[in-house]
2 protein chains.
Amino acid sequence: MFFLIGLGLGDAKDITVKGLEIVKKCSRVYLEAYTSVLTIGKEALEEFYGRELIVADRDCVEQDADSILAEAAETDVAMLVVGDPFGATTHTDLVLRAQQKGIPYQVVHNASIMNAIGCCGLQLYSFGETVSIPYWTDSWQPESFYDKIAGNRARGLHTLCLLDIKVKEPTLESMTKKKKEYMPPRFMSVSEASHQLLQILEKKRSGGEGSLAFTEKTLCVGLARVGSPEQKLHAASLTEMSNTDLGLPLHSLIIAGQLQPLEVEYLEQFLSKSYSLEEHAFS
Amino acid sequence: MFFLIGLGLGDAKDITVKGLEIVKKCSRVYLEAYTSVLTIGKEALEEFYGRELIVADRDCVEQDADSILAEAAETDVAMLVVGDPFGATTHTDLVLRAQQKGIPYQVVHNASIMNAIGCCGLQLYSFGETVSIPYWTDSWQPESFYDKIAGNRARGLHTLCLLDIKVKEPTLESMTKKKKEYMPPRFMSVSEASHQLLQILEKKRSGGEGSLAFTEKTLCVGLARVGSPEQKLHAASLTEMSNTDLGLPLHSLIIAGQLQPLEVEYLEQFLSKSYSLEEHAFS
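All of the points below concern the structure found in this document. All values reported here derive from a predicted model rather than from experimental measurement.

Scoring rules and cut-offs
Numbers given for residues are sequential positions, taken from 1 along each chain in its written order. Starting at A for chains and at 1 for ligands, labels are handed out in the order in which the entities are written. Note on the predicted model: pLDDT of at least 70 is required for a residue's local features to be given, and 80 or more for side-chain atom pairs to be given and counted; whole-chain, interface and lining totals, by contrast, use all residues. The basis for every side-chain value is the complete set of non-hydrogen atoms in the structure, without hydrogens or water. In this description, contact between two residues means that some pair of their heavy atoms is separated by no more than 4.5 Å. By definition, the buried area sums, over both parts, the 1.4 Å-probe accessible area that each loses when the two are put together. We define a salt bridge as a side-chain nitrogen of Lys or Arg found within 4 Å of a carboxyl oxygen belonging to Asp or Glu. The angle between two axes is taken between their N-to-C directions and runs from 0 to 180 degrees, where each axis is a line fitted to C-alpha atoms and a helix contributes only its stretch in contact. Helix and strand definitions here come from DSSP, where helices need a minimum of 4 consecutive H or I residues and strands a minimum of 2 consecutive E residues; each element is numbered from the N-terminal end. To sort the angles, those under 35 degrees are grouped as roughly parallel, those over 145 as roughly antiparallel, those from 65 to 115 as roughly perpendicular, and the leftovers as oblique. As a working rule, the residues Ala, Val, Leu, Ile, Met, Phe, Trp, Tyr, Cys and Pro are called nonpolar, Asp, Glu, Lys and Arg charged, and the rest polar, with Gly in that last group. The copies were overlaid with a least-squares fit restricted to C-alpha atoms from residues scoring a pLDDT of at least 70 in each copy. Following DSSP output, two strands are said to pair if at least two bridges run between them. The classification of residues rests on relative accessible area computed with a 1.4 Å probe and restricted to protein chains. Under 20% of the type maximum is buried, over 50% is exposed, and intermediate values are partly exposed.

Structural notes on the interface of chain B and chain A
A common measure of how large an interface is: the accessible area buried when the components associate.
(1) Moving on: Counting residues at the interface gives 49 residues for chain B and 49 residues for chain A.
(2) Moving on: Of the roughly 4,200 Å² buried between chain B and chain A, counting both surfaces, carbon and sulfur atoms make up 56%.
(3) Moving on: Across the chain B-chain A interface, the total number found is eight salt bridges.
(4) Moving on: A:K13 is the partner of B:E21 in a salt bridge, and the nearest nitrogen-oxygen pair spans 3.1 Å.

Structure representation (structure tokens):
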């Protein structure tokens, strides 16, 4: 049997009772370690589970999927995933392959950033399409997420921006070499994401675009380490957000749409003192 | 301390290890029982937790919130919620009140239908705004969700439709009486929801509306008891869905938007034999 188990977002104890029972009985347990991270490391998980984990990086999951599944045809194998198992395409693909090979599988759901962002008081049914903001390079500065944010804002909806994660990325120089060298892991902060969004506004303005989807003053919510005891939320203008340090990863950013009274009341808890909600100027 | 604890979607063992530890140590534990249900009842939960639970219906949560929170100022009190705590406005309101009274609170996240629908293989980042489909009455047949589905479809996005739940609703006759009488609980099925959607199409056509957001042939995914061992998924045309019985509650319905190859491949697992994906006619 192949088990795909969500770990939730915080620490070791965010696994479900069902998930923990499965982890304890499996022959082999993999820990997927490149689409997201918890606030604790592999060692803390191993101590809590009382067993060894095998770290599965991108190469392992994408290239050795067949061998992982081959084991699962003979014995019980689990893959642990931060958040919910269906948060990333990779995991959907893994379940599909198991199904195609006739290997029975079971999925154990958990919280993911897609529903846990409700913790900022913005209502989940008022969110539009989720976007991903990738790290820009000198030669690659995609803006496609801007149009999606614009589409959401036009309908009064909030936008959850998932921020880029670079884990075990080979350096450009070693791409063609036999022995790959890896860059240190990087996790985009709300400050970095806000900087990129401000740059897009500048480009649009200098390109003569009149009506922008949001402005420097639009209300944003920065979220760090959601679901953990070290969770931190901050609501402020996009400009202020670009100068806000929310500490260790993971971060997420919300561009607010039209606000309901209950949402406003809730946001007051962590709203920047220098921000007046009248500036949100939703139109 | 006030704890708001998500129970996930399936059975007793879908609570997190963190959540279970809190349930065991609290003086009083309430079970919120009107915004959603698990596949098991209060007694099964009590047996698993080894403690008594107090059922909190709508009246209790909305009218006695102050007394629940007053207890929480003196001792540890938990409110258990099916899914994730921030899935319903009521719970956001409860946390806000605790915060305003200076009562410390902690939220324990879990899976909710908002992220667990990923189990059908449609990617979460391809969903637009979520809609709610209410039970129609003879005199009240709102259609506002149609425009939201249309907005999503126009952008190629899928729509999750949350289906109405009527638990402990007073009968019309007893509304003005001292002693309220309650209707039996009702949970909208995918079949009932599809019927209402088909009726909207008929009305739009007879009203002369030319371009419809979806048709009788549009691909829908019906989901029942997501996250439980009795989970059932079925993908078919809207017309077929209106004649499909997925059994016991809870049900949810997805109106598909533009499909990616991986999504199509995944859907094949539970796609109706009489449906050809060419009929989905996304345009």
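Some details on the packing of helix α7 (residues 144-154) of chain B against helix α8 (residues 190-206) of chain B
All names here are of chain B.
(1) Moving on: With their axes 11 Å apart at the nearest point, α7 and α8 run at an angle of 90 degrees to one another. What the angle tells us is that α7 and α8 run roughly perpendicular. Residues F145, Y146 and I149 of α7 touch α8, and the partners they reach there are L197, I200, L201 and K204.
(2) Moving on: Within the contact of α7 with α8, the residues separate by chemical class into six nonpolar, no polar and one charged.

Quick word on the relation of the copies chain B and chain A
(1) Moving on: Once chain B has been moved 0.0 Å along the axis and rotated by 180 degrees, it coincides with chain A to within an RMSD of 0.0 Å. Both chain copies can therefore be described as sitting about a two-fold axis.
(2) Moving on: An overlap of 100% is found between the interface residues of chain B and their copies at the interface of chain A, pointing to a shared contact surface.

Some remarks on the sheet that holds strand β4 (residues 77-81) of chain A
Residue and element names in this part refer to chain A.
(1) Moving on: Spatial strand order, β3-β2-β4-β1-β5: five strands in an open sheet with parallel pairing. What marks the edges here is a single partner per strand, and that holds for β3 (54-56) and β5 (105-108). Here the average twist between neighbouring strands, direction ignored, is 20 degrees.
(2) Moving on: Relative to β4, strand β1 (residues 2-6) runs parallel, the two being bridged by five bridges. Its bridge partner being in β4, F2 is matched across the sheet by V77.
(3) Moving on: Against the sheet, helix α1 (residues 17-25) engages β1, β2 (28-32), β4 and β5, with an angle of about 135 degrees to β1.

Here we look at the pattern of salt bridges
(1) Moving on: For the structure shown, the criterion picks out 28 salt bridges over all chains.
(2) Moving on: Where B:E46 meets B:K42, a salt bridge forms, and the shortest distance between an N and an O atom there is 3.4 Å. In this pair, B:E46 and B:K42 are both assigned in helix α2 (residues 42-49), four residues apart and thus about one turn of the helix distant.
(3) Moving on: Its relative accessible area of 27% is what places B:K42 among the partly exposed residues.
(4) Moving on: A salt bridge links B:D93 to B:R97; the nearest nitrogen and oxygen atoms lie 3.3 Å apart. Of this pair, B:D93 and B:R97 both sit in helix α5 (residues 89-100), four residues apart, roughly one helical turn.
(5) Moving on: Note on B:R97: relative accessible area 24%, which makes it partly exposed.
(6) Moving on: Beyond isolated ion pairs, a larger network of salt bridges with shared partners links A:D66, A:D93, A:R97 and A:K101.

Structural notes on the sheet that holds strand β12 (residues 251-255) of chain A
Two modes of strand pairing occur in sheets, parallel and antiparallel, and in both the strands are linked by backbone hydrogen bonds.
Residue and element names in this part refer to chain A.
(1) Moving on: Sheet architecture is open: five strands sit in the order β6-β7-β12-β10-β11, paired in mixed fashion. Each having just a single partner strand, β6 (131-133) and β11 (232-237) make up the two edges of the open sheet. When the angles between neighbouring strand axes are averaged without regard to direction, this sheet yields 25 degrees.
(2) Moving on: Across three bridges, the pairing between β6 and strand β7 (residues 159-163) is parallel. Note on β7: the bridge partner recorded for I133 is L163.
(3) Moving on: Set on the sheet, helix α7 (residues 144-154) makes contact with β6, β7 and β12; between it and β6 the angle comes to about 140 degrees.
(4) Moving on: Strand contacts of helix α8 (residues 190-206): β6, β7, β10 (219-224) and β12, with the helix running at about 40 degrees to β12, the strand carrying the most contacts.

Examining the pairing of strand β12 (residues 251-255) of chain B
Residue and element names in this part refer to chain B.
(1) Moving on: Counting buried positions over the five residues of β12 gives five, a clear majority of the element.
(2) Moving on: On β12, burial covers both faces: H251, L253 and I255 on one face and S252 and I254 on the other are all buried.
(3) Moving on: Note: strand β7 (residues 159-163) against β12, four bridges, orientation antiparallel. From the neighbouring strand, L160 faces β12, where its bridge partner is I254.

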